[in-house]
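Here is what each chain is made of, one letter per residue.
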Amino acid sequence: MKVLVLNGVNLGRLGTRQPEVYGATTHAQLAEHLVETGQGLGLDVEVRQTDSEAKMVGWLHEAAANDWAVVINPAAWSHYSYAIADAVVQVETVVEVHISNVHAREEWRHRLVISPYVLGTIMGLGLGGYDLALAHLASRQ
């Protein structure tokens, strides 16, 4: 099973951006870990990150066209991007991940416009949420 792990805006700054919230692991380290974890689960994992909403939508279209599963952390786009939500709807299998518990943070983060269109949402478990998402997708093979 091919799985795209798609990380949104500001997640390329993992390791330096608010380490008290997001941890000290860099995006490159996370990507390497997820590819290795995926291999161990029998998944072909590719990790991508962008600060461009248009690029994210394009990647979701690519996943839909190729029938790839997606693990997505839309980051701030989670709260307002109907364009990404519309693209997510087109992908058959999507798991949403949030590193922090968005419901324990600022009130504006409580609204999630993408969550209604995904298989499930994992939040508040740090980077381990990605591992859980991959394990769940592997169990569906």
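Here we summarise the structure given alongside this text.

Quick notes on the rules
- Residues numbered from 1 in each chain as written.
- Predicted model: local features only at pLDDT ≥ 70, side-chain atom pairs only at ≥ 80, totals over all residues.
- Heavy atoms only, no water.
- Core = buried A, V, L, I, M, F, W, Y, C linked by side-chain atoms within 4.5 Å.
- Buried < 20%, exposed > 50% of the residue type's maximum accessible area, 1.4 Å probe, protein only.
- Helix = DSSP H or I, 4+ residues; strand = E, 2+ residues; numbered from the N terminus.
- Contact = heavy atoms within 4.5 Å.
- Salt bridge = Lys/Arg side-chain N within 4 Å of Asp/Glu carboxyl O.

Time to look at the nonpolar core. Membership of the largest hydrophobic core comes to 45 residues, with the highest contact counts inside it found for Leu-60 and Tyr-130. Mapped by element, the contributors of at least two residues to this core are β1 (2-7), α2 (27-40), β2 (44-49), α3 (53-66), β3 (69-73), α4 (82-88), β4 (94-98) and α5 (128-139). In this structure Leu-60 touches Leu-6, Val-70, Ile-72, Ile-84, Ala-87, Val-88 and Val-91, once residues within four positions along its chain are discounted.

Pairing is possible between side chains that carry opposite charge, provided their charged atoms lie close to one another. By the definition in use, this model includes four salt bridges. Lys-2 serves as the salt-bridge partner of Asp-44, at 3.9 Å between the closest nitrogen and oxygen. Of the two residues, Asp-44 sits in strand β2 while Lys-2 sits in strand β1, which places them 42 residues apart along the sequence. In this structure Asp-44 comes out as partly exposed when scored by relative accessible area, which is 44%. Two residues, Lys-2 and Glu-46, come together in a salt bridge whose shortest N-O distance is 2.8 Å. Here Lys-2, found in strand β1, pairs with Glu-46, found in strand β2; they are 44 residues apart in sequence, far enough to count as distant.

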